[in-house]
Amino acid sequence: MTTGSFSANRDEDVFTEPYRFDVARTPNPHVAFGGGGPHFCLGAQLARLEMRIMFEELLARVESLTLAGEVSRLRSNFVNGIKHLPTKVTVG
């Protein structure tokens, strides 16, 4: 049974056992989470540009930036991120 281009990692035309979980499957071109597939976020490039500009401007104005406490990670099944990142900024 051919499921077409939207079957992603379960495409029977690409994988011999499409429904078997195999972390070592190769080749396995990922089509989600920024892989350029049909569900790629249109705002991702703008978000990357905003973050790059923010860090460029911040680092141009500070002498040093050091960790000032314990880092707390965001607990989520959907987002890998940091919830709290206490820092000490010294302006030069």
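Since we're looking at a predicted model, the values are computed, not measured.

Caption draft 1: Representation of the pattern of salt bridges in the model. Applying the stated rule across the entire model yields 4 salt bridges. In this structure, Asp22 engages Arg20 in a salt bridge whose closest nitrogen and oxygen atoms are separated by 3.0 Å. Judged by its relative accessible area of 28%, Asp22 is partly exposed. The salt bridge involving Glu57 is made with Arg61; its shortest N-O contact spans 2.5 Å. Of this pair, Glu57 and Arg61 both sit in helix 1 (residues 44-61), 4 residues apart, roughly one helical turn. When its relative accessible area of 39% is taken as the criterion, Glu57 is described as partly exposed. Each of Glu17, Arg20 and Asp22 takes part in a single network of salt bridges with overlapping partners.

Caption draft 2: Quick peek at the packing of aromatic side chains. Going through the model one piece at a time under the given rule, you end up with 0 aromatic pairs. For the cation-ring pair, Arg25 lies above Phe15, with the distance from its terminal atom to the ring centre recorded as 4.2 Å.

Caption draft 3: Quick look at a nonpolar patch on the surface. Where nonpolar side chains cluster on the molecular surface, the patch consists of Met51, Met54, Phe55, Leu59, Leu65, Val89 and Val91 and spans about 640 Å² of accessible area. Mapped by element, the contributors of at least two residues to the nonpolar patch are helix 1 and strand 4 (87-91). With 4 residues, the single largest contributor to the nonpolar patch is helix 1. Along the chain, Met51 turns up in helix 1. Given a relative accessible area of 44%, Met51 falls into the partly exposed group.

Caption draft 4: Highlighting the side chain of Arg25. Here Arg25 lies in the segment before helix 1. Within the buried set, Arg25 has no salt-bridge partner at all; the shortest N-O distance to an opposite charge, 5.1 Å, is to Asp22. Ignoring anything within four residues of it in the chain, the contact list for Arg25 reads Asn9, Phe15, Glu17, Pro18 and Arg20.

Caption draft 5: Main features of the side chain of Asp11. Checked against the element boundaries, Asp11 lands in the segment before helix 1. For the buried Asp11, which has no salt bridge, the nearest side chain bearing the opposite charge is Arg25, at an N-O separation of 9.8 Å. In terms of polar contacts, Asp11 uses its side chain to reach the backbone amide nitrogen of Asp13, at 2.9 Å.

Here is what the cut-offs are and how they apply
Residues numbered from 1 in each chain as written. Predicted model: local features only at pLDDT ≥ 70, side-chain atom pairs only at ≥ 80, totals over all residues. Heavy atoms only, no water. Salt bridge = Lys/Arg side-chain N within 4 Å of Asp/Glu carboxyl O. Buried < 20%, exposed > 50% of the residue type's maximum accessible area, 1.4 Å probe, protein only. Helix = DSSP H or I, 4+ residues; strand = E, 2+ residues; numbered from the N terminus. Phe/Tyr/Trp six-rings, centres within 6.5 Å; stacked < 30°, edge-to-face > 60°. Lys NZ or Arg CZ within 6 Å of the ring centre and 35° of its normal. Patch = residues over 30% accessible without salt bridge, like charges linked within 9 Å, V, L, I, M, F, W, Y side chains within 5 Å. Areas by Shrake-Rupley, 256 points an atom, 1.4 Å probe, with all protein chains shown as cover. Lys, Arg positive; Asp, Glu negative; His and termini not counted. Contact = heavy atoms within 4.5 Å. Polar contact = N/O pair within 3.5 Å; in protein donor to acceptor, adjacent residues only side chain to side chain.

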